[in-house]
Amino acid sequence: MIVAMQENATEEQIDAVIEVMEECGVDVHRTTGAMQTILAAVGPTAGLDITKFEVLPGVMHVHRISSPYKLAGRAFRPQGTVIEFPNGASIGGAQVAIIAGPCAIENREQIFAIAKCVNAAGGSFLRGGAFKPRTSPYSFQGLGIDGLKLMREAADAHGLATVSEVMEIAQIEPMLPYVDCFQVGARNMQNFNLLRELGQVRKPVLLKRGIAATIEELLMSSEYILSGGNYQVILCERGIRTYETSTRNTMDIAAIPVLKKLSHLPVVGDPSHGTGRRDMVAPMAKAAVAAGCDALLIEIHPNADKSVSDAAQTLYLEQFEKLVGELQVIAQAVGRTL
Ligand code: PEP
Ligand code: MN
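My aim in this report is to walk through the structure given alongside it, one point at a time. Just so we're clear, the structure is a prediction, and the values are computed from it rather than from any experiment. Each residue is numbered by its place in its chain's sequence as written, counting from 1. Going through the entries in the order they are written, you letter the chains from A and number the ligands from 1. Since the coordinates come from a predicted model, pLDDT governs what is reported: local features require at least 70, and pairs of side-chain atoms require 80 or more to be given and counted, while whole-chain, interface and lining totals use all residues. Side-chain metrics in this entry use all non-hydrogen atoms of the structure; hydrogen atoms and water are not considered.

Here's the deal with the sheet that holds strand β8 (residues 125-127)
Thinking step 1. A pair of strands is treated as paired once DSSP finds two or more bridges between them. Working definition: helices are DSSP H or I runs of at least four residues, strands are E runs of at least two. Numbering for both runs from the N terminus. Around the barrel, eight strands lie side by side as β7-β8-β9-β10-β11-β12-β13-β14; this closed barrel has parallel pairing. Geometrically, the sheet is characterised by an average inter-axis angle of 25 degrees between neighbouring strands, direction not taken into account.
Thinking step 2. Relative to β8, helix α3 (residues 108-120) is tilted by about 150 degrees, and along the sheet it contacts β7 (97-101) and β8. Between N-to-C directions, angles cover 0 to 180 degrees, with each direction set by a line fitted to C-alpha atoms, over the stretch in contact for helices. Contact definition: two residues touch when any of their heavy atoms are within 4.5 Å.

Details of the pattern of salt bridges
Thinking step 1. Salt bridges are identified by distance alone: a Lys or Arg side-chain nitrogen within 4 Å of an Asp or Glu carboxyl oxygen. Taken as a whole and judged by the stated rule, the model has 15 salt bridges.
Thinking step 2. Between R152 and D180 there is a salt bridge; the shortest N-O distance is 3.0 Å. Of the two residues, R152 is situated in helix α4 (residues 145-157) and D180 in the loop between α5 (169-175) and β10 (181-184); the sequence distance between them amounts to 28 residues. Pair check on accessibility: R152 and D180 agree, each one buried.
Thinking step 3. Residue D294 pairs with K260 through a salt bridge whose shortest N-O separation is 2.6 Å. In this pair, D294 is assigned in the loop between α10 (278-290) and β14 (295-299) and K260 in helix α8 (residues 255-262), connecting sequence segments 34 residues apart. Buried, partly exposed and exposed residues are distinguished by accessible area as a fraction of the type maximum, computed with a 1.4 Å probe on protein chains only: under 20%, between the cut-offs, and over 50%, respectively.

Here's the deal with the nonpolar core
Thinking step 1. Here, nonpolar core means buried Ala, Val, Leu, Ile, Met, Phe, Trp, Tyr and Cys residues that are tied together by side-chain atoms lying within 4.5 Å of each other. One finds L126, I300 and F320 to be the most contacted residues of the largest nonpolar core, which totals 75 residues.
Thinking step 2. Here this core gets six residues from one element, more than from any other, and that element is helix α11 (residues 317-333).
Thinking step 3. For this core, the two domains that each supply at least three residues are domain 1 (2-66) and domain 2 (83-333).
Thinking step 4. Ranked by size, the runner-up nonpolar core spans 17 residues in total, among them M1, V17, I18 and F53. Segmentation into domains, and thus their bounds, comes from an automatic or database assignment.

Here we look at the coordination of the manganese ion (ligand 2)
Thinking step 1. Coordination partners: N, O, S within 2.8 Å of the metal, 3.2 Å for Na, K and Ca; water not considered, so apparent gaps in a site are possible. Binding of the manganese ion (ligand 2) to the protein goes through C103 (SG), H273 (NE2), E299 (OE) and D310 (OD), at separations of 2.0 to 2.4 Å.
Thinking step 2. Every donor residue of the manganese ion (ligand 2) comes from the same chain, spaced as C-x169-H-x25-E-x10-D. Remark: E299 occurs in strand β14 and C103 occurs in the loop between β7 and α3; sequence separation between them is 196 residues.
Thinking step 3. Residue C103 is classed as buried on the basis of its relative accessible area of 4%.

Written as structure tokens, this is what we have:
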């Protein structure tokens, strides 16, 4: 149930409504917009009589939300969510953000060269894996915290925010000094214990869609983080597994406008994992911007073919620079900047 307060509702009226809601045994999540305060009830709302709330002073509308994702649903924040980062960048506003970096942080020289390139191209986010979820236990598993230290240094040297994947609860605390945004990988989208714990963190979380997850399942997973009080969640379309074998995954471009319609959360397109092929990254990046994504996540490497992971889908730095230039035109055509 969502209670939308009148524009001129007083704090006393808002508090009184919250009190009545809590007396009914639900948790109340409040969002205060420029014009209006919205109160979302989470918990046993099925038996609630909405007229009880409609008649309270200062209340404008009360909606029963049939969707199971109350906090991720658009109705909770009709104006959309914009997530701000310490380097001044944001995701969810008019500007389409660029998040780029290697699949895995490999060494100092690599991550510094990439950070320099991301900044020069106009990107604001450096991504790099330090804990890698590899299909084979014999493949490179990442540099761990040492890798994150290198990425933090490189990012700070070039004014970038950092994004890196967290694979388990025990990694959250040691990662905190080095990451501005936790990434939850496709394989962990339904690791509910991890999601709940990230709900307690007060840093943004980029949540990737699982390889066989529906859009509703992705939204329900985001609800685990939001219900802990961490409202800084970014959803990511990174391709799903289908019967098609021409690309590593099938990039579900339609998921972008669907998510934007159903949810207020920012949406990222990941054409690197979405296609698994270097030659398909640029066209799908353009399609994602045209479809309304708020950010792109792109894997890049100075020596892409020699990347220790995901080499086939990794762009060379020159290809990335060229792509960002081309994306300006697409962004402009859909009323965004880049
Ligand atoms: C990655 O971003 O490098 C990654 C492992 O992504 P995904 O979880 O989407 O496979
Ligand atoms: Mn990767």
